[in-house]
Amino acid sequence: MIARPVAMIIAMSALIFWSAAVRAAEPTADLVARGKYVFGAAGGCGCHTMPDGAGLNAGGTKFDLSLAGVVYAPNITPDPATGIGKWTDAQVTNAIRRGERPDGTKLFPIHPYKYLSNIADDEIEALVAYLRSVKPVKSPVPARSLKIPVPTRTITTAVKTAPREGLARGAYLAGGAGHCAECHTPRRFDASTDDTKFLAGGPGPERSLAANITPHDETGIGRWTEAQIAQFLRTGAKPSGQEAYSLMRRVIIGTSAGFKDLTEADALAIARYLKTVPPIENKVR
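Source: prediction; values computed, not measured.

Q: With reference to specific residues and values, describe the overall build of the chain.
A: Counting secondary structure elements, the chain contains ten helices and five strands. Across its three principal directions, the C-alpha atoms of the chain cover 90 × 45 × 35 Å. Buried positions account for 45% of the 285 residues belonging to the chain. By sequence separation, contacts in the chain at least 24 residues apart represent 65% of the contacts at least 6 residues apart. If you sum the accessible surface of the chain, you get close to 15100 Å²; carbon and sulfur atoms cover 59% of it.

Listed below in C-alpha cells is the structure:
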C-alpha cells in the first residue's frame, strides 16, 4: 500500500526536476540577440529566404549548378514538419559546421560549411538559439537533383571563443560567418572554390557577378581606404558613389539582420583583414 504513493512522489519529483531543467535550458534574451548579430554577420543567411517566398528562413531558393545539378536552400525555421524543429541543438550545429543532416545525408557544399565551420563555440550556440526563436513556417522545399556525387570539403576545428578585436577579429568574421570567399572566389566545375584566385571575383551564386575584393590597385579594392570598405559593408555605398546591387545588396540589407548591423569596429576589422590578402589581378566583367 505504501509503494504506490512513494512511486508517485518519485515520479512527480522527477517531472518537476525535468521541467526545471527544461526551463533552465531556455536561451536568454541576450544569447538570442547575440545570435541575431551572428546571423547578420552571415548576411542574414539570405539564401534561405526568398524575396517573394513563404517567410524568413523558409528556404526554397534554387541554385542551378550547371554540371553539378540543382539544389534548393532548405527550410531552417523551427517548423517540426518541414524545418529544423525536431533537430537537437547538436544536430543544427552539425549541419551548419559540417554540412550534415541528422540522418547522415551530406548537404551539397553550396552551403558554405567550409567557412561556417570556423564559427566559434560561443557564437554557434548563440546562432542556434536565434534560429530557434524565429517564426516556424511550414514550407516544403523541392528535392535536389544532382548529376555528380556530393563533393567533400575540408573543414576546420572552431575555437571556443571568438576573437573580439583587431585583425584576428576581421579574419575570423570574413573567413567564418561572413564567408566572403563563398561568393568572391571563382568556382570549379564541382562548385568548389578555386583558392588560387582567393577573393579575386567572378561569376557567383544565383547568376550574380562578384567583385574582386583583393587589394589589387587596378582590378580590386586596393585604392579603397579601410574606412571606405567598412562604409560599403554597412551601407552598400562605394567610394565612386555607386550602390551595391544584386546578392551583395541583399546580404548588406539582410533579412532580419545583415551586414548593415555590423558594429563599426567589426566592419573596420574586416576591412583591415581584406587589405592583408594577396592582391590578384582579375578584372571582373
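Q: Break down the sheet that holds strand 1 (residues 62–64) for me, with residues and values.
A: With respect to topology, three strands assemble into an open sheet ordered 1-2-3, the strand pairing being antiparallel. The open sheet has two edge strands, strand 1 and strand 3 (145–146), and neither has a second partner.

Q: So what about the nonpolar core? Which residues, and what values?
A: Across soluble globular proteins, you tend to see nonpolar side chains buried next to one another. Core analysis: the largest hydrophobic core is formed by 48 residues, its most contacted members being Ile96, Leu127, Leu131 and Leu274. Counting residues per element, this core draws most heavily on helix 5 (residues 121–133), at six residues. The contact partners of Leu274, leaving out residues within four places of it in the chain, are Leu199, Ile213, Pro215, Ile221 and Ile229. Counting residues in each nonpolar core, the second largest holds eight residues, with Leu65, Ala73, Phe108 and Ile110 among its members.

Q: So, unusual backbone geometry: which residues are in play, and what are the values?
A: Here His179, not a glycine, exhibits a phi torsion of approximately 35 degrees, which is positive. Residue position: His179 is located in the loop between helix 6 (166–175) and helix 7 (180–184). The backbone of Ser246 shows a phi angle near 55 degrees, a positive value even though the residue is not glycine. Tracing the backbone through its elements, the reader meets Ser246 in helix 9 (residues 246–253).

Q: I'd like a rundown of the pairing of strand 2 (residues 69–72), residues and numbers included.
A: Across three bridges, strand 1 lies against strand 2 in antiparallel orientation. When the bridges of strand 2 are listed, Phe63 appears paired with Val71. Between strand 1 and strand 2, which follow one another and run antiparallel, lie four residues, and Ser66 among them has a positive phi close to 60 degrees.

Q: Tell me about the environment of Val137, and please be specific about residues and values.
A: Tracing the chain through its elements places Val137 in the loop between helix 5 and strand 3. Between the C-alpha atoms of Val137 and Gly53, which are 84 residues apart in sequence, the distance is 11 Å.

Q: Tell me about the packing of aromatic side chains, and name the residues and values.
A: Using the criterion set out here, one finds two aromatic pairs in the structure. For the ring pair Phe39 and Tyr130, a centre distance of 5.0 Å and an interplane angle of 50 degrees mean the geometry is tilted. Here Phe39 is found in helix 2 (residues 29–41), whereas its partner Tyr130 is found in helix 5, with 91 residues between them in sequence. Phe39 gets classed as buried once you look at its relative accessible area, which sits at 0%. Ring plane angle 75 degrees and centroid distance 5.7 Å describe the contact between Trp224 and Phe232, whose orientation is recorded as edge-to-face. Phe232 sits in the buried class, given a relative accessible area of 12%.

Criteria and thresholds
Residues numbered from 1 in each chain as written. Predicted model: local features only at pLDDT ≥ 70, side-chain atom pairs only at ≥ 80, totals over all residues. Heavy atoms only, no water. Helix = DSSP H or I, 4+ residues; strand = E, 2+ residues; numbered from the N terminus. Buried < 20%, exposed > 50% of the residue type's maximum accessible area, 1.4 Å probe, protein only. Contact = heavy atoms within 4.5 Å. Areas by Shrake-Rupley, 256 points an atom, 1.4 Å probe, with all protein chains shown as cover. Pairing = 2+ DSSP bridges. Core = buried A, V, L, I, M, F, W, Y, C linked by side-chain atoms within 4.5 Å. Phe/Tyr/Trp six-rings, centres within 6.5 Å; stacked < 30°, edge-to-face > 60°.

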